[in-house]
Amino acid sequence: MEEQEIHIDLNSVKSGKINEFSYLTHLGAKIELMIKLMFGSSGLGRLSGRVSGTKKQVNSFMQALKGEKKYADAYIKHGLGDKRTLNNRYKLEKAISNFEKETGIKVNVIKANADELLQRIKNEGDNSPADLFITVDVGKLWQAADMGLLQKYEDSSITDGITETLLDKNGYWIPVTYRSRIIVYSNERVKENELSTYEDLADDKWKGRILVRSSSNSYNQALLSSLVANLGEEETESWANAIVSNFARDPKGNDRDQVKAIAAGQGDIAIVNSYYIGLLLSSENEEEINAGKAISVFFPNQAEGSHINVSGIALAKNSPNKSNALKLIKYLTSDDAQETYVNNTFEYSVKSNIEPNQIVKDWGSFKKDPLDLNMLGKERKNAVRIFDAAGWK
C-alpha cells in the first residue's frame, strides 16, 4: 500500500456529525496511530498528514478511532455480517457519539499523497486551515520547509528532553519517533558474521538473495539519499546497480512482505524498517508471527551508524490555531505519549529516558548515523534519479 497523507481538522466547525468514517473503516488503524502514536499500523501501511485541534479534542478523537480499528479488524477477519463485527460496529458508533457529545467537533478527512498535500497547502496560501503538518518521512518535512510552508517554533522548551542529534538544525520540525532501516536475515541460510554494511550488500555473494520493496517507496528513497550524502553520487550509483543485480525477485509488496518472502524461501536477506519486525512478532496472525520468528535483526554500518528516519511534526506557516497546535506538539513529545508510541508502533522514542518496547529492546542498542536528517530531503532528487538509472523498479 502506498504511503498516504490526510488532513484532520478538529477545529473546522463547532457542531455536527463526524463524516468520512467509511474511509476510516479501511484505514482506521493508521489514523488511530497518527493521533495517539502517529505512525504505524499492523497490516494497513503507513500514513502522513495534518491535524488541527486541542489536546482534549485529539484524545477524544483517538478513543473514537480505537473503536474504528476494532471494527475494521473484525470486518477483515470475520466478514461484514458476523456478530463480532456488528458488535464492534456498535462500539465504534458509541465512541463516535461520545466524541461528538464531548467536543461538538466535525472531523473532515482529506486523503492525498505527500506531494499533493504539500501542493494543496501551497495553493491555499494565507487561507490554509492547516495548523500542523505530520509525516513519517523527514524528507517531506524538509520539502515543506523548503517550499516555505512552515514556520519556526519559537518556544525552545518544546525540544526539552529530545535527543539533540534528532533535531532540525533549522528549527522548523520536531521529531516524534524514529526507526532504522535495517537488514533482516534468514535464521536458516545466513550467519550474522556474513553481514556488515549497506555497502556490502553490493557484493556478488548476495546475488539472487536480496529482497526489497519498490524504489518509489519513501523509506528506500530516504536510505539512498543518506548514501548519496555519505558516499557521494558516483559510489551510490555503483551500489544501486549492484543491488539490482542481486535482487532475488523484482521489488514488490511492503516491508512485511519482504520478511514473509524470506520465511517462504524466496530470498535470504531483506532491507526493512525496524518497527515492522515488532509488528510481525506482536501480530495475531500466525503467518506473520512465524515470519517474524524466521529472521533475525542486524543493524549495519556500526562503525559510522545505521541509517535512521523520523516521524515528525511541524507548525504550518499560516496556522490559525497556533497556540493549540503548539500544545499538541508538546503533548506528542511528552513522556506519556512517547510511552504509548514505543509500545504500539515499535519505533524508538526521541527521548533518551523512554526505553523501547521489550521486543525492540531485545535486539540490543545500535549506533545511529549522525548525518543531518535534512539531507534525506536535500538529496532526494538525486536518489530518485539514481534509482531510475539503475532500473530499480
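Keep in mind that this is a model prediction, so the values were computed, not measured. Within each chain, residue numbers correspond to sequence positions counted from 1 in written order. Residue-level local features of this predicted model are given only where pLDDT is at least 70; pairs of side-chain atoms are given and counted only at 80 or more, and the full residue set underlies all totals for whole chains, interfaces and linings. Computation of side-chain values: all heavy atoms of the structure, hydrogens and water removed.

(A) Geometry of the side chain of D255. Secondary structure elements are defined from DSSP: runs of H or I of at least 4 residues count as helices, runs of E of at least 2 residues count as strands, and each element is numbered from the N terminus. Locating D255 in the fold gives a position in helix α8 (residues 255-263). We classify D255 as buried; its relative accessible area is 0%. In this structure the side chain of D255 is engaged in a polar contact, spanning 2.8 Å, whose partner is the side chain of R181. Here a residue-residue contact requires only that any non-hydrogen atoms of the pair lie within 4.5 Å. Apart from the residues lying within four places of it in its own chain, the contact partners of D255 are R181, R213, I271, V272, N273 and Y276. With a 1.4 Å probe rolled over the protein chains alone, any residue whose accessible area is under 20% of its type maximum counts as buried; one over 50% counts as exposed, and the rest are partly exposed. Within 3.5 Å is the distance limit for a polar contact, defined as a pair of N or O atoms, with the added protein rule that one can donate a hydrogen and the other accept it, and that residues adjacent in sequence qualify only through two side-chain atoms.

(B) How the structure looks around the nonpolar core. Only buried residues count toward a nonpolar core, which is a set of Ala, Val, Leu, Ile, Met, Phe, Trp, Tyr and Cys residues joined through side-chain atoms within 4.5 Å. Core analysis: the largest hydrophobic core is formed by 62 residues, its most contacted members being F133, Y178, V184, V259, I277, I313 and L373. When sequence neighbours within four positions are dropped, the list of residues in contact with Y178 reads L166, I308, N309, V310, E347, Y348, S349, V350, F366 and K368. Counting 25 residues, the second-largest nonpolar core is a separate cluster that includes W206, V228, A240 and W392.

(C) Structural context of the pattern of salt bridges. Salt bridge criterion: a side-chain nitrogen from Lys or Arg within 4 Å of a carboxyl oxygen from Asp or Glu. Following the criterion strictly, the structure yields 16 salt bridges and no others. Between D155 and K330 there is a salt bridge whose closest N-O contact spans 2.8 Å. A residue pair is termed long-range when its members are at least 10 positions apart, and D155 in the loop between α5 (138-146) and β5 (173-186) and K330 in helix α11 (residues 322-332) qualify at 175 residues. Given a relative accessible area of 29%, D155 falls into the partly exposed group. Two residues, K393 and D250, come together in a salt bridge whose shortest N-O distance is 3.2 Å. Here D250 lies in the loop between α7 (233-245) and α8 and K393 lies in the segment after α15 (380-390), a separation of 143 residues in the sequence. Residue K393 is classed as exposed on the basis of its relative accessible area of 55%. Here the salt bridges do not stand alone but share partners, grouping E188, R189, R209 and D268 into one network.

What is shown is where atoms sit, not what they do.
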